[in-house]
Amino acid sequence: MRRFLAGLALVLVHAAPAVAQETAIKFGGLAQDTSLPVEVASDALDVNQGDGTAVFTGNVLVTQGEMKLSSQRLRVIYGDGSDGAGRISELRASGGVTLVNGAEAAESREAVYNIDAGEVVMTGDVILTQGQNALSSNRLVIDLNNGTGTMDGRVRTVFQPGAD
């Protein structure tokens, strides 16, 4: 009977969705060289010299190396001071954000990419797919320098048996 219950418990652990408050995840496909050029394409662009921002709207596509980020709106914030003038310091995407790098993809309502820190913070109905596995949460923080990340805020996942 003990063997039966132990076997049943093992099956339930592997078959049931995992639920947690915070989960650390390896994002091998999301490691990124943040020193590469950033290319932005969109339907429209509005530049504000006064506050040092540019807003791209409509079918926005950001490309940096193999990484692609798409959204409906992107606010670009430029560095200030003599060392950062003219350099992009932060990208703020909203409206159906999708981040793709290799076989891994993440979707959310909003995302902030801090280029100097090499960090992307995705918020609002986050869904991450890694091969056949999918995870969801309220927030995903990706460290692009080492390809790791943390999901928090009602994390849920379903693992496919035999998948990596």
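Going by the structure above, here's the rest.
Just so you know, these numbers come straight off a predicted model, no measurement behind them.

K.L.:
Looking at this structure, how should I read the overall build of the protein chain?
P.N.:
Tallying secondary structure elements over the protein chain gives one helix and 10 strands in all. The N-to-C order of helical and strand elements in the protein chain reads α-β-β-β-β-β-β-β-β-β-β. Relative to its 164 residues, the protein chain shows a buried fraction of 35%. Taking all contacts inside the protein chain whose residues are at least 6 apart in sequence as the whole, residues at least 24 apart take part in 43%. Carbon and sulfur atoms provide 53% of the accessible area of the protein chain, an area that totals close to 9400 Å².

K.L.:
Would you mind showing me how to read the nonpolar core here?
P.N.:
One broad rule of soluble globular proteins: the nonpolar side chains tend to lie buried together. Counting 26 residues, the largest nonpolar core has Leu74, Val120 and Met122 as the members making the most contacts within it. Only strand 4 (53–64), strand 5 (67–78), strand 6 (88–101), strand 7 (104–114), strand 8 (119–130), strand 9 (133–143) and strand 10 (148–158) provide two or more residues apiece to this core. Filtering out sequence-adjacent residues up to four positions away, Val120 remains in contact with Leu99, Ala111, Val112, Tyr113, Leu140, Val141, Ile142 and Leu144.

K.L.:
For this particular structure, what's the right way to read the pairing of strand 7?
P.N.:
It is a general feature of regular strands that their side chains alternate between the two faces of the sheet. Of the pairings in the sheet, the one linking strand 6 to strand 7 comprises 10 bridges and is antiparallel in character. Considered in strand 7, the bridge of Arg92 is made with Val112. Here strand 6 hands over to strand 7 after two residues, with Gly102 in that stretch at a positive phi of 65°. Bridge count for strand 7 against strand 8 is nine bridges, and the pairing is antiparallel.

K.L.:
What's the story with unusual backbone geometry in this structure? I'm lost.
P.N.:
Excluding glycine, residues mostly have negative phi values, and the peptide bonds linking residues are mostly trans. Here the phi dihedral of Asn59 falls at roughly 50°; this positive angle occurs in a residue that is not glycine. Along the polypeptide, Asn59 turns up in strand 4. The class for Asn59 is exposed, based on a relative accessible area of 52%. Of note, the phi angle at Asp125 is positive, near 50°, even though the residue is not glycine. Structurally, Asp125 is set in strand 8.

K.L.:
Is there a simple way to explain the environment of Ser136 in this structure?
P.N.:
With respect to the helices, strands and loops of the structure, Ser136 is situated in strand 9. Taking the C-alpha atoms as reference points, Ser136 and Gly153, separated by 17 residues in sequence, lie 9.2 Å from one another. Leave out the neighbours within four places in its chain, and Ser136 touches Val126, Ile127, Met151, Arg154, Val155 and Arg156.

K.L.:
Whenever I open this one, the pattern of salt bridges confuses me. Can you help?
P.N.:
Close approach of charged atoms allows side chains with opposite charge to pair. Scanning the entire structure with this criterion turns up five salt bridges. A salt bridge links Asp51 to Arg75; the nearest nitrogen and oxygen atoms lie 3.8 Å apart. Linking Asp51 in the loop between strand 3 (44–48) and strand 4 with Arg75 in strand 5, this pair joins segments that are 24 residues apart in sequence. Classification of Asp51 as partly exposed rests on a relative accessible area of 43%.

K.L.:
Honestly, the pairing of strand 3 in this entry has me stumped. Any pointers?
P.N.:
Bridge count for strand 3 against strand 4 is five bridges, and the pairing is antiparallel. Each bridged residue has a counterpart across the sheet, and for Asn48 the counterpart in strand 4 is Thr53. Here strand 3 hands over to strand 4 after four residues, with Gly52 in that stretch at a positive phi of 70°.

Rules used in this analysis
- Chains are numbered independently. Their residues run from 1 in the order of the written sequence.
- Given that this is a predicted model, residues contribute local features only at a pLDDT of at least 70 and side-chain atom pairs are listed and counted only at 80 or more, while totals for whole chains, interfaces and linings are drawn from all residues.
- Excluded from the side-chain calculations are hydrogens and water; all other atoms, namely the structure's heavy atoms, are used.
- Working definition: helices are DSSP H or I runs of at least four residues, strands are E runs of at least two. Numbering for both runs from the N terminus.
- Relative accessibility decides the category of a residue: with a 1.4 Å probe and only protein chains considered, values under 20% of the type maximum give buried, values over 50% give exposed, and everything between is partly exposed.
- What makes two residues a contact is simply this: any of their non-hydrogen atoms within 4.5 Å.
- A 1.4 Å probe and the Shrake-Rupley method give the accessible areas. Residues count as covered only by the protein chains that appear here.
- Residues belong to a common nonpolar core when they are buried Ala, Val, Leu, Ile, Met, Phe, Trp, Tyr or Cys residues joined through side-chain atoms within 4.5 Å.
- Being paired, for any two strands, means DSSP has found at least two bridges between them.
- What makes a salt bridge here is a side-chain nitrogen of Lys or Arg within 4 Å of a carboxyl oxygen of Asp or Glu, nothing more.

Note that every value here comes from positions in space, so none of it alone points to a role or purpose.
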